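The residues making up each chain are set out below.
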Amino acid sequence: MTTKSKGVNNAMHWFRKGLRLADNPALVSCLEQSPKNIYPVYVLDGNSYELFRCSPLRANFLVECLQDLDANLRTLGSRLYVLSGDPTIILPDKWNEWNITDLSYEEEEAGEPYALKRDTTIIDLAQTSDIRLFTAKSETLYPLQEYMIKAKNGKAVPSSMTGFQKIFGGMPPMKKVLPPPTKEDFPQNDNLAELSKLYLPPTKATDLPWPRDIPRSEVEPIWDANDCKNLTPLVHGGETLARKVLKQKLKDADWVATFEKPKTSCTSLEPSTTNLSPYLSWGCVSPREVWVALDNAIAKASSKTKVSKPPVSLHGQMLWRDFNNLMAHNANLNHPGCWNHIEGNQYCRQVSWDDDPQLLEKWKRGKTGYPWIDAAMRQLAQEGWIHHLGRHAVACFLTRGDLWQNWEEGAKHFEAELLDADYALNGFNWLWLSCSGFFYQYFRCYSPIVFQKKNDPNGNYIRKYVPELKDLPSKYIYTPWEAPTSILDKAGVKLGKNYPRPLVDHSVVSKENMTRMKQAYDDHKVREAAAAPKEKPSKKKQRTS
DNA sequence: GGTCCGTTGGGCGC
DNA sequence: GCGCCCAACGGACC
């Protein structure tokens, strides 16, 4: 490794995810080289995962993150340089122009194919240009490789949460959370004044290289592509807000200590969970910081409090995140890029899903005729968020429960619309809900009617998000097609006109679909047996000899 | 090869 | 609000 004397190197920190200053080990290790100048950059990359299939709410969230990052850097006497284009072209240009000698960035861990390809190219280019790399794995509580090593130990990587928790229990103490760099850590760039009006962060979603340059979707957008005005995001972007939300949500120590995910409500009009997921997925806050904050909050809970445990506790939610990343990482190691696909995905059952663009479109737009499903889908479009259990219900409805549509399509839609869209978590949950992987009890099926009726008998959630039904009596709010004409008339509901009739009869199709799933599982067994005909006998031989 | 378990199902009786 | 059954999955563990 070439060593360069202090003060003659020029550094670049490349933000991709990890849009924060605190607990950013790659940035810190770069600053530790005491560079003469540092250029914190973000590249608006029209082809990147973050922007591909990206709703205005997501675009807007990114803009807010960049604005906040720039503001925070300016308090340290630095700033964010926002570039536009293909990073593998634009970054080498800037290395040359700014005489960059050191480059740092947070590594992509789950194995998202575009990011991996991009980074491989950048690593090659950096080596060619004799640029020193300072990278760090800080997307998860522990680097995924460390779980892999711990797990292997002669065994397979666990594919259940229980198995993962065992691995996790044997991990060494977690790395300490790094404080944000101080003003003294940041050099004053020679040319800061000269560049003051260049490379400024975008101020609105339409400044991003989207949607003009990107073929976003085959279908018409659900929202006005240029307009976020009428949308009401769950939270706004940025590290500053992330910390505020973290502090606020963890203030009630007893709430934190007794949190049980399955007991939180997905129909409450105010989110019953922490709202931290968007910040975690964009890296506005580090998972370790959240972990420690949970520790601290629980320590303050009253001694009588019965503290909840993983997997249902808040710490458990952080474990799910790492577990999902590990599964994505492992799947992609064996078959690069397979994670959000059926083909080649070792964890995914091959199921012959139907392909009906009209049904898919009605699901996306919240026009299935099942008010509870439609309410959740419209909350997604409106706020960029649905409660986890709501996601379960709509994902089950689209796939194995009712419409029998390919989960890949549902995953793509979530990826575009969710503020907290996360490659690893999204893929895992669609595999789970469609009974394609990790969860196989297909006879346990969410009802689009009764699942939430007990939590929200008056249907307030439906009344909020499906306003055309708001005047229906509670008795029919979940099942408007059962209401007498006089009641529908009184409520201003015209079935098939201003609110659709149900696309399918759940009680019928859910049973039919169980039979289809049984068949798919049987076919899977046959394929497995055919794929490895000699393996089992030879193993037996070894054992008996 | 048997048994138990799996973050969060639905329906019923009590 | 709880316990039990429904019909019956794969994977871990013995």
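Residues numbered from 1 in each chain as written. Chains lettered and ligands numbered in written order. Predicted model: local features only at pLDDT ≥ 70, side-chain atom pairs only at ≥ 80, totals over all residues. Heavy atoms only, no water.

Draft legend 1. Structural view of the overall build of chain A. Per the secondary structure count, chain A includes 22 helices and five strands. Taking 545 residues into account, the globule formula puts the C-alpha radius of gyration at 24 Å, and chain A, at 25 Å, falls close to it. Dimensions of chain A, computed from the C-alpha atoms along their principal axes, are close to 80 × 75 × 55 Å. The contacts in chain A between residues at least 6 apart in sequence include a share of 79% that link residues at least 24 apart. When the accessible area of chain A is evaluated, it comes to approximately 24800 Å², of which 53% is carbon and sulfur surface. On chain A, the mean spot of the 71 positive side-chain charges and the mean spot of the 64 negative ones are 6 Å from each other. (Helix = DSSP H or I, 4+ residues; strand = E, 2+ residues; numbered from the N terminus. Rg over C-alpha atoms; globule rule 2.2 N^0.38 Å. Contact = heavy atoms within 4.5 Å. Areas by Shrake-Rupley, 256 points an atom, 1.4 Å probe, with all protein chains shown as cover. Lys, Arg positive; Asp, Glu negative; His and termini not counted. Charge placed at Lys NZ, Arg CZ, Asp CG, Glu CD.)

Draft legend 2. The arrangement of the protein's contact with DNA strand C in detail. Every residue near DNA strand C is listed here: Ser-159, Lys-166, Arg-349, Tyr-440, Gln-441, Tyr-442, Phe-443, Lys-518, Tyr-521 and Lys-525. The sugar and phosphate moieties of DNA strand C supply 83% of its atoms located within 4 Å of the protein. In this structure, a phosphate oxygen belonging to DNA strand C sits 3.3 Å away from a side-chain N or O atom of Lys-166. Here a phosphate oxygen of DNA strand C and a side-chain polar atom of Lys-518 are 2.9 Å apart. Looking at which element gives the most residues to the surface near DNA strand C, the answer is helix H21 (residues 506–531), with three residues. (Near = heavy atom within 4 Å. Polar contact = N/O pair within 3.5 Å; in protein donor to acceptor, adjacent residues only side chain to side chain.)

Draft legend 3. Broad picture of the packing of aromatic side chains. Within the structure shown, the criterion is met by 39 aromatic pairs. Their ring planes at 75 degrees and their centres at 5.7 Å tell us that Tyr-142 and Phe-168 sit as a pair that is edge-to-face. Taken as a pair, Tyr-142 in the loop between strand E5 (132–136) and helix H5 (144–152) and Phe-168 in helix H6 (residues 161–169) lie far apart in primary sequence, 26 residues in all. For the pair shown, Tyr-142 and Phe-168 are each scored as buried. A ring pair is formed by Trp-363 and Trp-430, whose centres lie 6.0 Å apart and whose planes are at 80 degrees; its orientation type is edge-to-face. On the criterion of sequence distance, the pair formed by Trp-363 in helix H12 (residues 357–364) and Trp-430 in helix H16 (residues 423–433) is long-range, its members being 67 residues apart. The class for Trp-430 is buried, based on a relative accessible area of 1%. Its guanidinium or amino end placed over the ring of Trp-14, Arg-16 lies 4.6 Å from that ring's centre, counting from NZ or CZ. Its end group placed over the ring of Tyr-521, Arg-349 keeps NZ or CZ at 5.3 Å from the ring centre. (Phe/Tyr/Trp six-rings, centres within 6.5 Å; stacked < 30°, edge-to-face > 60°. Buried < 20%, exposed > 50% of the residue type's maximum accessible area, 1.4 Å probe, protein only. Lys NZ or Arg CZ within 6 Å of the ring centre and 35° of its normal.)

Draft legend 4. Up close: the confidence of the model for chain A. Per-residue confidence for chain A averages 90 on the pLDDT scale, and 92% of its residues sit at or above 70. Considering only residues more than four positions removed or in separate chains, one finds that residues 1–6, a stretch of pLDDT under 50, has seven contacts. Across residues 535–545 the pLDDT falls below 50, and counting only partners more than four positions away or on other chains, this stretch makes zero contacts in the model. (pLDDT = per-residue confidence, 0-100.)

Draft legend 5. Focus on the pairing of strand E2 (residues 37–44). When you tally the buried positions in E2, you get eight out of eight residues, the bulk of the element. By the alternation rule, side chains of E2 split into Asn-37, Tyr-39, Val-41 and Val-43 and Ile-38, Pro-40, Tyr-42 and Leu-44, which are all buried. As paired strands, strand E1 (residues 10–15) and E2 are joined by six bridges and run parallel to one another. Bridging from a neighbouring strand, Trp-14 pairs with Val-41 of E2. After leaving E1, the chain enters helix H1 (residues 25–31) and then returns to the sheet as E2, a path that is right-handed. (Pairing = 2+ DSSP bridges. Right-handed = clockwise from strand over helix to strand, strands pointing away.)

Draft legend 6. View of the protein's contact with DNA strand B. Around DNA strand B, the structure places 19 residues, and the nearest of them are Thr-162, Pro-262, His-388, His-392 and Ser-447. In DNA strand B, atoms within 4 Å of the protein come 36% from sugar and phosphate. At a separation of 3.4 Å, a base nitrogen of DNA strand B approaches a polar side-chain atom of Trp-320. Backbone polar atom of Ser-447 to a phosphate oxygen of DNA strand B: 2.7 Å apart, as the coordinates give it. When contributions to the surface near DNA strand B are tallied by element, the ones reaching two or more residues are H6, helix H14 (388–401) and helix H17 (450–453). Broken down by element, the residue count for the surface near DNA strand B peaks at three residues, all from H14. Grouping the constituent residues of the surface near DNA strand B by class yields eleven nonpolar, five polar and three charged. (Nonpolar A, V, L, I, M, F, W, Y, C, P; charged D, E, K, R; others polar.)

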